[in-house]
Amino acid sequence: MQIVRIKTLSGAGMLLFAALFIFSQTSHVGSTDVTHWAEIMIEGNKTLNVAVHLPGLIGTVLDTAGVNITNAEIAAECEIIGQNTTCWCGQDYVWSNFVCDSVNICCNVDKCVANVSYFTPLCLPKVNVSLIGTLTGSSPTVDAMLLKAFNVLNAFNSFTMQGTQLTGAFTYAHNFTVSLSAVFSTPKVQSIISTLLADPTIYTLNVKSLGMVYMEAPTGKVCYNSVQQLYCISREAMSKCVWQMSRDEEVPLVLGPGSEVALSDTCTELSNVTLRKTNGYWSGTYSCLFVSGNLAHMAMAPVEIALLPEVINVTSNPQTTDCSEASTAKVTISCSIENSTETYIVRLKLGSMENTAPIKEVRIGIIKYTADFTVDCKAEGKPSSLEASCTLENTLNQLRNHSLKVPIIYPSDLFCAEEVIEERTWPKTKNNETAVIDCTASGRQGTMKRKCNGKTWGEEVSLCVKAILNNVALQAKDFEKGLGATQEGAQLIFQSLKNNTSDEGGENSFGDVKTAVNVFETMKNASVNMPLGENLLADFIESASSMLNVTWKGGDEEESGTLASQYLSSVEGLVKSIRINASEGYNSSNIQLQICRSGTICNKTVFNVEVELNATADMVKTVGLQGLAERMPKLGYESSEFRSLVVSSTVENNTQPSVNIRLAFQNEVGSSAKMQCVFWNVSEKRWSEEGCEYVQGPGNIAYCECNHLTSFSMLMSKHAVSMPFLDQLTYVGLGVSICSLIVYIIIECLVWSAVVKSSLSHFRHTALLNISLCLLLADCSFLASSFPSILNETLCLVLVVAKHYFYLAMFFWMLCLSIMLVHQLIFVFSHIGKKMYMILGFTIGYVCPTVTVAVTYVYYNQTSNNQYYSSKTCWLTYQSAMQGSIHAFLFPVGTIVLVNLASMIVVIATVLKPSGAETNKKGDKDAAKSIIKVIMFLTPVFGGTWVLGLFVFLIDDFTQFITYVVHYAFTIVNSLQGFFILLTGCFAEKRVRDEILKIVLGKSGKDQGTTTSVAK
């Protein structure tokens, strides 16, 4: 409330007694305008047309707070005659709730004969507020009851019954609307609802309001793939809030945390939703609801997006251009997209030929663009294929395209002739190419493929998917994005998956299996943002189990193996992410899940295999998957026979640095066979014996024992590395390195003033000190992240950023040191000032790595398909060549190492070059000594040993001996880098050695003199 007194009213023409009492409030929720209520009292038998003088107030600035009056109008008038007072509201105003609740006779009447002139505010502007309700009950008519209940609300306008429907035996659903001209009090409406629900003939009553919430949303079309925010503010605090989105006439879906949606934490009066990546999925009408009991305050707003198609399907007819018999060939290129309201500019290309006005054809659910091209079979160079592409441009000039390779058959090429199998026609196809045709089976969607090998067709591979299973996959994708991301939505997805992959759901094709596995993977990714509850456990395990009853024949052994690996990773991820409370596990025909809680040892049995796991953890989840091992890729173990069972254990909140797992099983093949214990290396996607040992027990009992840690060579490797003693070498080397760096930094501080006498020595020691400090912090961060299983996501991320930053900072300071050294050797008489070097050094040494790390993190954080780091290794990720955040470490490190090696060559050349006073070149022996000395001194501080890291990255064939040599060499040399810096940067420099001796001897002499004095 605000009180302001105005002494005169401009243009009033007479003196007004009494002052102005002003009450202020915002015009509406979310507005920057403030409404001030002024009371003017005219005494005596005077009359004054106040409305005439109100325009004179517009533009006035109130001297108390600089408020500018933009509008003025009469809200209410009162006539006071003796003891009687009659008040009425101005045009487009209604009584305030305060007046209506305090003086009931004033409610819903034009003039009130009561002394209410002292109420502030007396009247408020009319606003449109609606109550939209649904009542279910046994009575077929409820009009009179509802009208009587709601007409007591202030500014009641009308009650409308929208319709009544019989929904069951003696059960009716009534939809109604109440129209008001003022906002209402939430407790008052809740009281009305409670009173109605007390009637035994009423079963349920839910009410939504419009006009009680202000919503701010983007206006006009917004760019595709942009970030947008929507805000909602409620007039009154409520219990919770819900965001929904609907497209056209579809049922609204609840928004939850997802890869493309973020919801605010506060959710009682203020709430906002962030669309991280606007696309066709997010074009629709948004609703925010603030809910308390059976009442929800709601606001709605449309969000229009300049769309681009999510899927572009480019096809060629024929699939292979036939130039074997003619000089030209006709090819029709088609581009199909989902139906869209966007107006696109479409361009179709084939090679260098382009059509900017393709024929448009609208079908049920899709839009198809086609264009004909003529291929010159005698074209120069005779390309083996042409690229067909489709580019679409939306109304905001944003582009999206998709391309397709169209092979060309020349007279000398091998090909498979056209073949008809039942109703399926396989077109003429070039050798080593794959033909694709649409599914013909009823109730299925997708394609079939078949590879041409020479002149012989391969097996048909069906990627046809049950239409209903395809819908489940689309629902899962929506869930991952955040659309319908609720526990109920997740349960519906797993129930649908179970029902349509079980034996009762019909035969499952390879396409069905692939789609189901994709759903698992999608839900695993979604669980990062939306934790899943244990109510999903049964449906999830049953659907995953039914997949193992199907033969996974994809026509391509590699593709089938990849699918099995994806299946294992997804099932493990979902088992880990599902939050278990009371459940002790779940058993199905092919999958058994067992739970251990709060202990140091977990003993469980799955499919007659005893699993013992040593870990101090809150929970251990052990799952056995029967019938999976033989489906997994057998790289390196092609001649081995696999048991059908795969056992996986997930440890939550483990406090031990390592986890030991032991499996006891029946040795069914006897002693004649060689037994091996292997684990599935997720990063390398292969079986590995590293860290696992086979032990023969009593009788026919056999044991497998496994233990895994983290090695230093992981920094430069594409994947996590596990080799014998590599982890132990890492920790010993880093321990020595850290201690050496601490000693070096202390020595530098002690001898700094004595050894730093010239600009050159200042440059060198400044760079060495910063290199040592960065390496110390990087090594400490590496040790802290050595056991990712005991780290939470936040701490893991912090340590990844720390390692990324400090290792890069170390290399950039090495670059500064090499640049300075080369400059001094080449430009002998051109000196760099100390101030300039410090600015240059700290800019290159700390600003460059800061920018590199920040840009990398922001880029991968905004890209949903890629991750900045892996929680399994607490290090940067590698996906493929030029894909993955590890390249933001490799490129700067590789560049700096090569530059520094070039600088080292310059130094060696300068050392070998005779000075003006020398008449002869140095002898071979002296030259060799000089080169060795330069290499020994500069290699540690120039990062020369990290050249091995580039080989670690490039050589990833673990079947080759050289791979192990490179990994061990890199780990040993670089984990001891701090020790080498201590040797070459401290003890190898004479001035530093002399100063250390002075300090030590000086201190010893002082101690000896003191002792002699005491003896006397």
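Criteria and cut-off values
Residues numbered from 1 in each chain as written. Predicted model: local features only at pLDDT ≥ 70, side-chain atom pairs only at ≥ 80, totals over all residues. Heavy atoms only, no water. Helix = DSSP H or I, 4+ residues; strand = E, 2+ residues; numbered from the N terminus. Buried < 20%, exposed > 50% of the residue type's maximum accessible area, 1.4 Å probe, protein only. Contact = heavy atoms within 4.5 Å. Areas by Shrake-Rupley, 256 points an atom, 1.4 Å probe, with all protein chains shown as cover. Pairing = 2+ DSSP bridges. Axes fitted to C-alpha atoms, helices over the stretch in contact; angles between N-to-C directions. Disulfide = S-S within 2.5 Å. Parallel < 35°, antiparallel > 145°, perpendicular 65-115°, else oblique. Left-handed = near helix turned anticlockwise from the far one by under 90°. Nonpolar A, V, L, I, M, F, W, Y, C, P; charged D, E, K, R; others polar. Phe/Tyr/Trp six-rings, centres within 6.5 Å; stacked < 30°, edge-to-face > 60°.

Draft legend 1. Local environment of the overall build of the protein. Broken down by element type, the protein carries 19 helices and 54 strands. The burial tally for the protein puts 46% of its 1016 residues in the buried class. Taking the intrachain contacts of the protein between residues at least 6 apart in sequence as the baseline, contacts between residues at least 24 apart amount to 64%. Entry remark: accessible area of the protein is about 50,700 Å², with carbon and sulfur atoms responsible for 55%.

Draft legend 2. Quick look at the sheet that holds strand β8 (residues 111-113). Taken in spatial order, the three strands line up as β5-β6-β8 in an open sheet, and their pairing is antiparallel. Of all strands in the sheet, those bounded by a partner on one side alone are β5 (76-81) and β8. The sheet shows a mean angle of 15° between the axes of neighbouring strands, taken without regard to direction. Taken together, the three bridges between strand β6 (residues 84-89) and β8 define a ladder with antiparallel strand orientation.

Draft legend 3. Expanded view of the environment of Pro407. With respect to the helices and strands, the residue Pro407 is situated in strand β31 (residues 399-409). Residues within four places of Pro407 in sequence aside, it is in contact with Gln319, Thr320, Thr321, Ser384, Ser385, Lys430 and Glu433.

Draft legend 4. Up close: unusual backbone geometry. The omega angle of the peptide bond from Thr120 to Pro121 is -5°, so this bond is cis rather than trans. Examined against the element boundaries, Pro121 turns out to sit in the loop between β8 and β9 (123-125). Positive phi is not limited to glycine here, since Asp92 has a value of about 65°. One non-glycine residue with positive phi stands out, namely Phe607, at about 50°. In this structure, Phe607 sits in the loop between β45 (591-606) and β46 (609-626).

Draft legend 5. Fine view of the state of the cysteines. One pass over the full model with this rule turns up 13 disulfides. A sulfur-sulfur distance of 2.1 Å marks the disulfide that ties Cys335 to Cys390. The sign of the -75° torsion about the S-S bond sets the Cys335-Cys390 disulfide as left-handed. Linking Cys335 in strand β25 (residues 328-338) with Cys390 in strand β30 (residues 385-393), this pair joins segments that are 55 residues apart in sequence. You can call Cys335 buried: its relative accessible area is 0%. The disulfide partner of Cys439 is Cys464, and the S-S distance across this bridge is 1.8 Å. Around the S-S axis, the bridge from Cys439 to Cys464 shows a dihedral of about -105° and counts as left-handed. Of the two residues, Cys439 sits in the loop between β36 (434-438) and β37 (444-445) while Cys464 sits in the loop between β40 (461-462) and β41 (465-466), which places them 25 residues apart along the sequence. In terms of burial, Cys439 and Cys464 fall into one category: buried.

Draft legend 6. Examining the packing of helix α11 (residues 759-784) against helix α18 (residues 977-987) more closely. Between α11 and α18, the least distance of the axes is 10 Å, while the angle of their chain directions is 160°. Taken as axis vectors, α11 and α18 run roughly antiparallel relative to one another. Crossing of α11 against α18: the hand is left-handed. Contacts between α11 and α18 involve Arg764, Leu768, Ile771, Ser772 and Leu775 on the former and, on the latter, Gln977, Gly978, Ile981, Thr984 and Gly985. Its residues placed into classes, the contact of α11 with α18 shows four nonpolar, five polar and one charged.

Draft legend 7. Examining the packing of aromatic side chains more closely. Evaluated as defined, the whole model comprises 18 aromatic pairs. Taking 5.2 Å as the distance between ring centres and 80° as the angle between the ring planes, the aromatic pair formed by Trp875 and Phe889 counts as edge-to-face. Of this pair, Trp875 sits in strand β54 (residues 875-876) while Phe889 sits in helix α14 (residues 887-912), placing them 14 residues apart in sequence. Taken together through their ring pairs, the aromatic side chains of Phe494, Phe520, Phe540 and Tyr567 make up a single cluster.

Draft legend 8. Quick look at the sheet that holds β31. Spatial ordering of the open sheet is given by β24-β31-β30-β26-β27, a layout of five strands whose pairing is mixed. In this open sheet, the two strands that pair with only one neighbour each are β24 (321-322) and β27 (353-355). In terms of strand pairing, strand β26 (residues 345-350) meets β27 through three bridges, oriented antiparallel. Following the sheet pairing, Lys349 is matched in β27 by Glu354.

As far as function goes, none of this settles anything; it's purely spatial.
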